[in-house]
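# Remarks on the overall topology
Given next are the chains, with one letter for each unit.
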Amino acid sequence: MRRIGVVATAAAIGLALTACSGGGDGGGDGGEGGGDGGTDVEVFTWWAAGSELTGLEALEAVFAEQHPDYTFVNGAVAGGAGSAAKDLLQTRLQAGDPPDTFQAHAGAELTDYIAAGQLEDVSDLYTEFGLTDVFPQDLIDLLTVDGSIYSVPSNIHRSNMVWANPTVLESAGIDPAAVPADIDAWIADLEAVQATGVTPLSVATTWTQVNLLETVLMADLGAEAYIGLWNGETDWAGADVTTALEHFETLMSFTNTDRDGLDWPEATQMVIDGTAAYNVMGDWAVAAFEEQGIERGTGFVDFPVPGSDGQFGFLADSFTLPVGAPNPDGATAWLETVGSLEGQVAFNQAKGSIPARTDADPADFSSYQQSAIESYASDAIVPSLAHGAAAPIAVSNAISDATSKFTTGGSDLATYQEELAAAVG
Ligand code: GAL
């Protein structure tokens, strides 16, 4: 059961590879920074502010230490989950103007870039940097097409987490240590919060609503049927999906009305500030709590979205070597830092994620991260929709459009379900 998610997803993609230029430059031929590409290394991400920027800066510091001859150039484009970055990146790639390296999610999203012939094979770097045995095999499988590996993973995040303010819960007569068994039980708690006049559940713009949606599908369908949504075995038109969408609609009715103007940091901040009781967000949220000195247990509590306990909503960030990168040697140096133990420890400590490397010491990480490491080791791994693991970008864009239409009153539930089914095809 455990690994079924990612394996099934990789299989479901059924990728037909177009011609890819092979053989990334192994780099490292003598002094660094002296190649044709110069010394600048443009690193394209969407980690532009707050705790995400802090994470990127931690990685940048290790890069400066390991590769002092290169200059990190921050090409970050603001917008959580790459909501603005991915479109801009596509424009640049199609115009033949790639950055030296860019962030891409393991799984279906990465295979989009591979299929479009936009990425170099970096398998040789795995050998050169000794990476072949340090990542979980199933993660490497998600980065591999036809025996070639196309990126170096920096971290693993979990999408199906609830973050809650214990003081707000207590004011509503809810025991912060008691985790609701399922979505219905949680809705009863949301009603109790609503009676106190505080926003029960904070959410932000569309992608965060899709993040909420995927977790409700996990909770209501269970791991196997949720995975079936992506490999064709679960019918999107089915009654269990209808129930999940009804739950989603009810949950959305408990959220802040200014949601479409916010991004994830503002929605999570509402829980930190006590203006909302709960927020569903991937576990980059923990970095926002920790960065502000809010302690787990007393300042915030966390638990898997009720009903999704035992599932790890999986996503991983990774870095690529684009075809035509101006500075492939510099990008190779960046990939070395990303894959290094030192880079992974520094980055993940700041980012809230867990290292993709299996040789990192859990004791170096926070109590929340240690629980995520345990969950990743024992739970069913199910792919995140909102973060590129489950579906190609075109599918997730169509799901986002349908979701935005539904949550802004442009469609009813039956239409929404039809549009989701059509989006996945
Ligand atoms: C995800 C990404 C995370 C985090 C989050 C919010 O897609 O994988 O690392 O940055 O978006 O922006």
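Preceding this paragraph is the structure being described.
For every chain, the first residue of its written sequence is number 1, and the numbers climb from 1 along that sequence. Local features in this predicted model are restricted to residues whose pLDDT is 70 or higher, and side-chain atom pairs enter the listing and the counts only when it is 80 or higher, whereas totals over whole chains, interfaces and linings include all residues. Hydrogens and water molecules were not included; the side-chain quantities draw on all heavy atoms of the structure.

All right, on to the nonpolar core then. We call a set of buried Ala, Val, Leu, Ile, Met, Phe, Trp, Tyr and Cys residues a nonpolar core when their side-chain atoms join them within 4.5 Å. Partly exposed describes any residue whose relative accessible area lies between the buried limit of under 20% and the exposed limit of over 50%, with all areas from a 1.4 Å probe on protein chains only and scaled to the type maximum. Formed by 77 residues in total, the largest nonpolar core has its most connected members in Tyr 126, Ile 156, Trp 163, Phe 314 and Trp 334. Note on contacts: a residue pair qualifies if any of its non-hydrogen atoms lie within 4.5 Å across the two residues. Beyond its immediate chain neighbours, meaning those up to four positions away, Ile 156 contacts Leu 139, Phe 312, Phe 314, Leu 315, Ala 316, Ser 353, Ile 354, Pro 355, Ala 356 and Tyr 376.

This part is about the site of the ligand. What surrounds the ligand is a group of 14 residues, the closest being Glu 52, His 105, Asp 317, Lys 351 and His 387. Side-chain atoms alone can form a polar contact between residues adjacent in sequence; in general such a contact is a pair of N or O atoms within 3.5 Å, and within protein one must be able to donate a hydrogen while the other accepts it. At 3.3 Å from an oxygen atom of the ligand is found a side-chain nitrogen or oxygen belonging to Trp 46. Within the side chain of Trp 47, one N or O atom sits 2.8 Å away from an oxygen atom of the ligand. Here the ligand has 300 Å² of accessible area as a free molecule, and 100% of this is covered by the chains. According to the grid-proximity analysis, the pocket containing the ligand is the largest cavity. Residue composition of the shell around the ligand, grouped by class: seven nonpolar, four polar and three charged. Here, proximity means that at least one heavy atom of the residue falls within 4 Å of the molecule or strand. Surface accessibility follows the Shrake-Rupley procedure with a 1.4 Å probe radius. Residue values consider only the protein chains on display as shielding. Definitions used throughout: a 1 Å grid over protein atoms alone; a cavity as a set of points that fits a 1.4 Å probe which cannot get out; a pocket as an open set with protein on both sides within 12 Å along at least five of seven lines; a lining residue as one with an atom within 4 Å of a point. Here the criterion for a molecule occupying a pocket or cavity is that more than half of its atoms lie within 2 Å of the pocket grid points. For this classification, the nonpolar set comprises Ala, Val, Leu, Ile, Met, Phe, Trp, Tyr, Cys and Pro, the charged set comprises Asp, Glu, Lys and Arg, and every other residue, Gly included, is treated as polar.

Turning next to the packing of helix H2 (residues 50-66) against helix H13 (residues 328-339). Fitted lines through C-alpha atoms give the axes, limited to the stretch in contact for helices. The angle between two N-to-C directions lies from 0 to 180 degrees. To qualify as a helix, a DSSP run of H or I must reach at least 4 residues; to qualify as a strand, a run of E must reach at least 2; elements of each kind are numbered from the N terminus. Running from N to C, H2 and H13 cross one another at 115°; their axes reach a closest spacing of 9 Å. Here H2 is positioned roughly perpendicular relative to H13, judged by the angle of their axes. Pair H2 / H13 crosses with right-handed handedness. In contact with Leu 56, Leu 59, Glu 60, Val 62, Phe 63 and Gln 66 of H2, H13 contributes Gly 330, Ala 333, Trp 334, Glu 336, Thr 337 and Val 338. Each angle receives one of four descriptions, namely roughly parallel if under 35 degrees, roughly antiparallel if over 145, roughly perpendicular if within 65 to 115, and oblique otherwise. By definition, turning the near helix anticlockwise from the far helix through less than a right angle yields a left-handed crossing, and turning it clockwise yields a right-handed one.

Grid points are joined across faces, edges and corners, and a volume is the space filled by probe spheres set on the points. The space that makes up the largest pocket amounts to roughly 360 Å³. As for the largest pocket, its lining consists of 19 residues, of which Ser 83, Lys 86, Ser 396, Asn 397 and Ser 400 are closest to the centre. When residues in the lining of the largest pocket are grouped by element, the largest group, five residues, is from helix H16 (residues 393-407). The residue makeup of the lining of the largest pocket, split by class, is eight nonpolar, seven polar and four charged.

Turning our attention to the packing of aromatic side chains. A pair of Phe, Tyr and Trp rings is counted when the ring centres sit within 6.5 Å of each other, with Trp represented by its six-membered ring. The angle between the planes then sorts it: under 30 degrees is stacked, over 60 is edge-to-face, the rest tilted. Enumeration over the complete set of coordinates arrives at 21 aromatic pairs. Residues Trp 47 and Phe 347 carry aromatic rings whose centres are separated by 5.0 Å and whose planes lie at 35° to one another, so their mutual orientation is tilted. Taken together, the residues Trp 47 in the loop between strand E1 (40-44) and H2 and Phe 347 in helix H14 (residues 341-351) connect sequence positions 300 residues apart. Of the two residues, Trp 47 and Phe 347, neither departs from the other in class, the shared state being buried. Where Phe 312 meets Tyr 376, the ring centres are 5.3 Å apart and the plane angle is 65°; that geometry is what we call edge-to-face. Of this pair, Phe 312 sits in strand E11 (residues 311-319) while Tyr 376 sits in helix H15 (residues 367-378), and the two are 64 residues apart along the sequence. Pair check on accessibility: Phe 312 and Tyr 376 agree, each one buried. Counting every residue linked through ring pairs, the aromatic cluster contains Trp 47, Phe 63, Phe 72, Phe 319, Trp 334 and Phe 347.

As a further point, take the pattern of salt bridges. Here, a salt bridge means any side-chain nitrogen of Lys or Arg that lies within 4 Å of a carboxyl oxygen of Asp or Glu. Counting across every chain of the model gives seven salt bridges. With a shortest N-O distance of 2.9 Å, Glu 109 and Lys 86 are connected by a salt bridge. Residue Glu 109 is found in helix H4 (residues 108-115), and its partner Lys 86 is found in helix H3 (residues 85-94); the two are separated by 23 residues along the sequence. For the pair shown, Glu 109 and Lys 86 are each scored as buried. Of the charged contacts in the structure, one is a salt bridge between Arg 296 and Asp 302, with a shortest N-O distance of 2.7 Å. Connected via shared salt-bridge partners are Glu 42, Arg 92 and Asp 97.

Now for unusual backbone geometry. Located in the positive-phi region is Ala 81, a residue other than glycine, with phi close to 60°. Note that Ala 81 resides in the loop between strand E2 (71-74) and H3. At Asp 146, a position not held by glycine, the phi torsion is positive, near 50°. If you trace the backbone, Asp 146 turns up in the loop between strand E4 (144-145) and strand E5 (148-149). Relative accessible area serves as the criterion here: at 65%, Asp 146 is assigned to the exposed category.

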